Amino acid sequence: MPQITLSEVSASYGAHQVLHEVSAEIPRSRITAVVGANGAGKSSLLNVIAGILPTSSGTVTRRDSRRPAYVVQRSAVSDTLPITVRATVEMGRWAQRGPWRRLTRDDRAIVEDCLVRLDIHDLADRRLGALSGGQRQRALVAQGLAQRSEVLLLDEPAAGLDMTARNRIDEALRETAEAGTTVLRVTHDLAVARASDHCLLLHGGSLVAQGEPAEVLTEERVRTAWDVPSLW
Ligand SMILES: Nc1ncnc2c1ncn2[C@@H]1O[C@H](COP(=O)(O)OP(=O)(O)OP(=O)(O)O)[C@@H](O)[C@H]1O
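This write-up is about the structure you can find in this document. Note that the structure is a prediction, hence the values are computed from the model and not measured.

**Here's the deal with the packing of helix H3 (residues 105-117) against helix H4 (residues 133-146)**
Where H3 meets H4, the axes come as close as 9 Å, and the angle between the chain directions of the two elements is 140°. The angle between the axes of H3 and H4 places the two elements in the oblique class. The two elements H3 and H4 cross, and the hand of that crossing is right-handed. Along the contact surface, H3 presents Ile 110, Cys 114 and Arg 117, while H4 presents Ala 142, Leu 145 and Ala 146. Its residues placed into classes, the contact of H3 with H4 shows five nonpolar, no polar and one charged.

Here it is as structure tokens:
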């Protein structure tokens, strides 16, 4: 049974329909890449799965009733938050404990583990707003991992990062998928999509194809989805 099943899901922002009868299956304990041009509906799809954007029709079925962990785009996080990196990651544990509860020894061990996995342990006492974009992004991914949810949603977690930071995030996601988490990541990087286990290709709010990345991302489909004219 897939971790998440979408059946003919449509969704709108006001009068603007952004998803058109999307039917898709997200396999359990695998990395699924969501790809498509700007405005294709990738973030909207994540928002529907996260329960932030209601469906106007269709259904989303999840194996697990817990809320997915959601790592939003870096630009959605304020620079001025007076919070350290460690506190940012600790907030990931509130999903289990409720806000401002004392963290247990297990919680603290999970937080330390996530700091190490994303290679930001040395930055743990720095203010989030005082970090570089790539460092901050790793802190947000660490927060997502710290939730230990069945499902981890990430909206372009590696956008604009250098190779080392990207590799660190890819490795951490691979490890968490192997440990049983279902990972769904939006990416603009077709190499990342090709290295994923499963792929959903969106175009204009509709699902164009899903399945093995090599089968989904054919030259023809890529050209159509990105409106790139044929060069010959
Ligand atoms: N909060 C919002 N209110 C109204 N329309 C929105 C909102 N968020 C997104 N949209 C519209 O929904 C459509 C799909 O946007 P979405 O952000 O899901 O695309 P995307 O594939 O994630 O794009 P990108 O690659 O640029 O992040 C776009 O036409 C966008 O303008």
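That was the structure; now back to the text.
**What to know about the nonpolar core**
It is characteristic of soluble globular proteins that their nonpolar side chains tend to be buried jointly. Membership of the largest hydrophobic core comes to 31 residues, with the highest contact counts inside it found for Leu 118 and Ile 120. Counting residues per element, this core draws most heavily on H4, at six residues. Each residue touching Ile 120, except ones within four places of it in the same chain, is listed here: Val 85, Leu 115, Gln 135, Arg 138, Ala 139 and Ala 142.

**Quick look at the layout of surface pockets**
Approximately 360 Å³ is the volume found for the largest pocket. Surrounding the largest pocket, 18 residues form its lining, Tyr 70, Val 71, Val 72, Gln 143 and Gln 147 being those nearest its centre. Contributions of two or more residues to the lining of the largest pocket are made by strand S5 (69-71), helix H2 (85-97) and H4. When its residues are assigned to classes, the lining of the largest pocket shows 14 nonpolar, three polar and one charged. Taken together, 16 residues form the lining of the second largest pocket, with Leu 145, Arg 148, Thr 176, Ala 179 and Thr 181 sitting closest to its centre. Where the lining of the second largest pocket is concerned, the elements lending two or more residues are H3, H4, strand S6 (151-155) and helix H5 (163-178). In the lining of the second largest pocket, the residues fall into seven nonpolar, five polar and four charged.

**Some remarks on the environment of Ala 95**
Within the secondary structure, Ala 95 sits in helix H2. Owing to a relative accessible area of 55%, Ala 95 belongs among the exposed residues under this scheme. For the pair Ala 95 and Cys 114, spaced 19 residues apart in sequence, the C-alpha separation works out to 15 Å.

**Things to note about the sheet that holds strand S2 (residues 16-26)**
Note on sheets: strands pair through backbone hydrogen bonds, and any given pair is parallel or antiparallel. Strand order in the open sheet formed by three strands is S2-S1-S4, and the pairing between neighbours is antiparallel. Each edge of the open sheet is held by one strand with a lone partner, namely S2 and strand S4 (57-62). Each strand axis lies, on average, 25° off the axis of its neighbour in the sheet, ignoring direction. The pairing of strand S1 (residues 4-13) with S2 spans seven bridges and is antiparallel. Its bridge partner lying in S2, Leu 6 is registered against Ala 24. Helix H1 (residues 42-50) rests against S1, S2 and S4 of the sheet, and its axis sits at about 115° to S1.

Conventions we followed
- Residues numbered from 1 in each chain as written.
- Predicted model: local features only at pLDDT ≥ 70, side-chain atom pairs only at ≥ 80, totals over all residues.
- Heavy atoms only, no water.
- Axes fitted to C-alpha atoms, helices over the stretch in contact; angles between N-to-C directions.
- Helix = DSSP H or I, 4+ residues; strand = E, 2+ residues; numbered from the N terminus.
- Parallel < 35°, antiparallel > 145°, perpendicular 65-115°, else oblique.
- Left-handed = near helix turned anticlockwise from the far one by under 90°.
- Contact = heavy atoms within 4.5 Å.
- Nonpolar A, V, L, I, M, F, W, Y, C, P; charged D, E, K, R; others polar.
- Core = buried A, V, L, I, M, F, W, Y, C linked by side-chain atoms within 4.5 Å.
- Buried < 20%, exposed > 50% of the residue type's maximum accessible area, 1.4 Å probe, protein only.
- 1 Å grid on protein atoms, 1.4 Å probe; cavity = no way out; pocket = protein on both sides within 12 Å on 5 of 7 lines; lining within 4 Å.
- Points joined across faces, edges and corners; volume = space filled by probe spheres on them.
- Pairing = 2+ DSSP bridges.

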